[in-house]
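So the chains spell out like this:
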Amino acid sequence: MMEIVKINDRISYIKATEKPLSADVGIVCGDEFVWIFDVGADELVPMELKRIEKPKNAVISHFHPDHTANLDKMDFSEIFLGANTFKYAKKGKTVEKDIFIDDGIKIHIFLLPSSHAKGSIGLEAGEYAFLGDAAYATMKQGKVCYNASVLKEEITVLKSLSAKYFLLSHDEKFIYPKDEVIKNLEEIYSKRDPKESYIFIG
Ligand SMILES: [Zn+2]
């Protein structure tokens, strides 16, 4: 059984699992479509989502298999993904600029510069923004780090969002105030060495 958490009348999510490694799956109920943010890798996810009868659109945060592996196991009216994710998924619609759709709830698909994965996108739904893993770091030479210029761009995009809460995949707490996430990223950015491209943390 997958654990489903209700955030409000329109938004819920299937919790991430570690075995198998499978990301949180966002479920946003619009008037016309149900918007699925990331499809996870756990084979129970498609079974759960198939119980929803409305047509579904998928928004895929980035190319990592724990977010994408179930893509071929379900039917979607439309799949939105970044250019880099498209290279792996080989299907869907590449998001090249922000997309705004009023589906009873305000849907905003946006490009999200990320050190974690090139070509990440996010989904804003009303007061909540699904970020996938985009706020996380990457590894360079076996060390955890952020790309300084990408992090700066990412902070700018995150600040421009109107959502009050950011939803962070794989995190047990999952729902964070926007300001807290931005403050943490700004703190990391403040530790950069202007001569270095990367900010090594931890
Ligand atoms: Zn990832």
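Check the entry above for the structure.
Residue numbering note: each chain is counted from 1, following its sequence as written. In keeping with the model being predicted, local features are shown solely for residues with a pLDDT of at least 70 and side-chain atom pairs are shown and tallied solely at 80 or more, while totals for entire chains, interfaces and linings include all residues. To get the side-chain values, take all heavy atoms of the structure and skip hydrogens and water.

Engineer: Report on the side chain of E48, specifying residues and quantitative values.
Structural biologist: Its location among the elements puts E48 in helix α1 (residues 44–50). Looking at E48, the relative accessible area reads 14%, which means it is buried. Here, residues are in contact when the closest pair of their heavy atoms is within 4.5 Å. Once residues within four sequence positions are removed from consideration, E48 is found in contact with M2, I4 and I14. Runs of E in the DSSP output that reach at least two residues are strands. Runs of H or I that reach at least four are helices, and both are numbered from the N terminus. Exposure classes here rest on a 1.4 Å probe applied to the protein chains alone. A residue is buried below 20% of its type maximum, exposed above 50%, and partly exposed in between.

Engineer: Outline the packing of aromatic side chains, listing residues and values.
Structural biologist: The geometry of an aromatic ring pair is captured by two quantities: the separation of the ring centres and the angle between the planes. By convention, a stacked pair of Phe, Tyr or Trp rings (six-membered ring in the case of Trp) has centres within 6.5 Å and planes under 30 degrees apart, an edge-to-face pair has planes over 60 apart, and any other such pair is tilted. All chains considered together, the criterion is met by seven aromatic pairs. Judged by centre distance (4.5 Å) and plane angle (15°), the rings of F63 and Y88 are stacked. Here F63, found in the loop between β5 (56–60) and α2 (65–68), pairs with Y88, found in helix α3 (residues 83–89); they are 25 residues apart in sequence, far enough to count as distant. Among the aromatic residues, those joined into a ring-pair cluster are Y13, F37, F130 and F174.

Engineer: Hey, could you go over the coordination of the zinc ion for me, with residue numbers and the actual values?
Structural biologist: Note on the zinc ion: its protein donors are H62 (NE2), H64 (ND1), H116 (NE2) and D133 (OD). The metal-donor distances range over 2.1 to 2.3 Å. Counted as coordinating are nitrogen, oxygen and sulfur atoms within 2.8 Å of the metal, or 3.2 Å for Na, K and Ca, while water is not included, which may make sites look incomplete. Angle rules define the geometry names used: all angles between 85 and 135 degrees makes four donors tetrahedral, while opposite donors over 155 degrees apart and all other angles between 65 and 115 make four donors square planar and six octahedral, leaving every other case irregular. Around the zinc ion sit four donor atoms, and with donor-metal-donor angles ranging over 85 to 176° the site reads as irregular. When the donors of the zinc ion are listed by position in the chain, the intervening gaps give H-x1-H-x51-H-x16-D. Considered together, H62 and H64 belong to a single accessibility category, that of buried residues.

Engineer: Explain the side chain of D66 to me, and be specific about the residues and the numbers.
Structural biologist: In this fold, D66 is placed in helix α2. No salt bridge forms around the buried D66; measuring N to O, its nearest opposite-charge neighbour K73 is 13 Å away. Setting aside residues no more than four positions away along its own chain, D66 makes contact with L21, S22, A23, G40, A41, D133 and H170. Counted charges follow a simple rule, with Lys and Arg positive, Asp and Glu negative, and His plus the chain ends left uncounted. Salt bridges are defined by distance alone: a side-chain nitrogen of Lys or Arg within 4 Å of a carboxyl oxygen of Asp or Glu.

Engineer: Give a description of the sheet that holds strand β12 (residues 138–140) that names residues and reports values.
Structural biologist: Across the sheet, three strands lie side by side as β12-β13-β16; this open sheet has antiparallel pairing. Each of the sheet's edge strands pairs with one partner strand only, and the pair in question is β12 and β16 (198–200). With direction set aside, neighbouring strand axes in the sheet form an average angle of 55°. Pairing between strands requires that DSSP locate at least two bridges from one strand to the other. With three bridges connecting them, strand β13 (residues 143–147) and β16 associate as antiparallel partners. Note on geometry: axes are lines fitted to C-alpha atoms, helical ones only across the stretch in contact, with angles between N-to-C directions running from 0 to 180 degrees.

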